[in-house]
Each structure stands twice: as structure tokens, then as C-alpha cells.
Amino acid sequence: VLAGLNDLAHRAQPEDIVCVYFSGHGALTGEPDESSLLTVDSSASDLIGTSVSAAELSNALTRIKARRLIVFLDACHAAGAGTLKDAALLPQPILGIAEKTLSQLAEGAGRALMASCRPSERSLIMPGANNSAFTEALLEALKGRADKLNEGVVRVFDLFDYVSKTVPKNTQDRQHPIFKATELENNFPVSFIEVTD
């Protein structure tokens, strides 16, 4: 994850729009109100050494020089979505992402963060779905459902508006995405789509 973000930092230009997407677990680790992202190969026996801390992620994002960056986190209390590979042998970590971490990740001009659910909620996968409710709504929005003016552009505020209304509806009000941003002055485009008559 960090190597990928480092590569992105080398390639991204100031005029670029950068989107970073993470799907997995968040865990409360270390200091109070500190979080880490758990990847597919995270290990409960070495949680600190095999996860990406909020500080590491924040530093990696800071090095990306694009003036517009949005981070999508499909994580939080996603306890039912999977288990760590050695979970049967060791106690599970406390799953979730702290509010402090979400705020840190949205710091910086033109930066925004969209998380799949509140820290107290689970990121749900509905029966028969290929993705979580958040990712399903996000993909629909990016493919044009959030293009309110039918102009072929999906903008960041419209994207969140669509996702924030669709996810609670599709989860029977059990999940509520959150949005954090600092110094975000305009409704910048996140995706471009072909407009058909």
C-alpha cells in the first residue's frame, strides 16, 4: 500500500485529480483514538508491523502533490466482512477507524475523505451484491448517477450527495457514509462520463 502511494506521489502532478480507494478493515491500535488500515496480509500476531498506521497513511498522502485528492475508505466496523488469516489463534483487534484519524486524512488544501460508514457502524455487504453497499453506490455515482446536470461530469459534492442518500436507503438506515474536507473550495470533477441523448 505504501509503495503504491509512494509511486503515485512520484507520478501525480499538481493539476491532477487523484483518487485513492481502500477496501478492508480499520483497527484501533496504539494510542487512544489512533487507527490503522488492515490489509489482506495483516496479522493479528504483529498488528503494528503488518498494518498501515494513520500517521504512515497521512504522510504518504501529504507527499502527493495533486491539488485535488479524494480518499475513499470502505472500512470501519466491517467486522462481518472477513477475518484476519490467523484470527482463529489470537484475539481480534478492535475494529474501526477513529474520528481523529478521519480528520487527519482530510487535512490539506483540496483534500477530501469519504468513509463508508460512521465509526460505530459496519460497512455492509447486502445479500447477492458483489461489493459493499458503499462501493456499489460509489460505482453507480461515478458511472453517472451523480451527474445531476447531465453534463458528463461527476463532481465531488454531488458524488457524496448521491452516496450519502443511496447507502442508508439500501441498508435500511443501518449505514451512513461520512465526508470530511478542509479548504475544499470548489465542487471539482471526480469522473467524466459519456453523455447520451
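The rules behind the values
Residues numbered from 1 in each chain as written. Predicted model: local features only at pLDDT ≥ 70, side-chain atom pairs only at ≥ 80, totals over all residues. Heavy atoms only, no water. Buried < 20%, exposed > 50% of the residue type's maximum accessible area, 1.4 Å probe, protein only. Helix = DSSP H or I, 4+ residues; strand = E, 2+ residues; numbered from the N terminus. Arc of directions from axis to C-beta. Pairing = 2+ DSSP bridges. Axes fitted to C-alpha atoms, helices over the stretch in contact; angles between N-to-C directions. Contact = heavy atoms within 4.5 Å. Salt bridge = Lys/Arg side-chain N within 4 Å of Asp/Glu carboxyl O.

Draft legend 1. Quick peek at helix α2 (residues 54-62). Those residues of α2 that fall on the buried side of the exposure criterion are Ala 54, Leu 57, Ser 58, Ala 60 and Leu 61. One side of α2 holds all its buried residues, which, seen down the axis, span an arc of 160 degrees.

Draft legend 2. Quick look at the sheet that holds strand β2 (residues 25-28). Read across the sheet, three strands follow the order β2-β3-β4 without closing on themselves; strand pairing throughout is antiparallel. Bordering the open sheet on either side are β2 and β4 (51-53), each of which pairs with just one other strand. Strand-to-strand twist across the sheet, computed as the mean angle between neighbouring axes with direction ignored, equals 30 degrees. Pairing geometry for strand β3 (residues 35-38) and β4, over three bridges, is antiparallel. If you follow Leu 38 over to β4, its bridge partner there is Ser 51.

Draft legend 3. Structural detail: the sheet that holds strand β8 (residues 178-182). Spatially, β1-β5-β6-β8 is the arrangement adopted by the four strands of the open sheet, whose pairing is mixed. Looking at the sheet topology across the chains shown, the edges are occupied by β1 (17-23) and β8. Strand after strand, the sheet turns through a mean of 15 degrees between neighbouring axes, direction not considered. Relative to β8, helix α5 (residues 156-170) is tilted by about 160 degrees, and along the sheet it contacts β5 (68-74), β6 (111-115) and β8.

Draft legend 4. Representation of the pattern of salt bridges. The full count for this structure, using the stated rule, is six salt bridges. Note that Lys 148 is salt-bridged to Asp 161, the shortest N-O span being 2.8 Å. Taken together, the residues span a long stretch of sequence, with Lys 148 in the loop between α4 (133-145) and β7 (153-155) and Asp 161 in helix α5 at a distance of 13 residues. Here Asp 161 makes a salt bridge to Lys 165, at a shortest N to O gap of 3.3 Å. Of the two residues, Asp 161 and Lys 165 are both situated in helix α5; the distance of four residues between them amounts to about one turn of the helix. Look at Lys 165 and you get exposed, because its relative accessible area is 55%. Taken together, the shared-partner salt bridges connect Lys 148, Asp 158, Asp 161 and Lys 165 into one network.

Keep in mind these values describe shape, not function.
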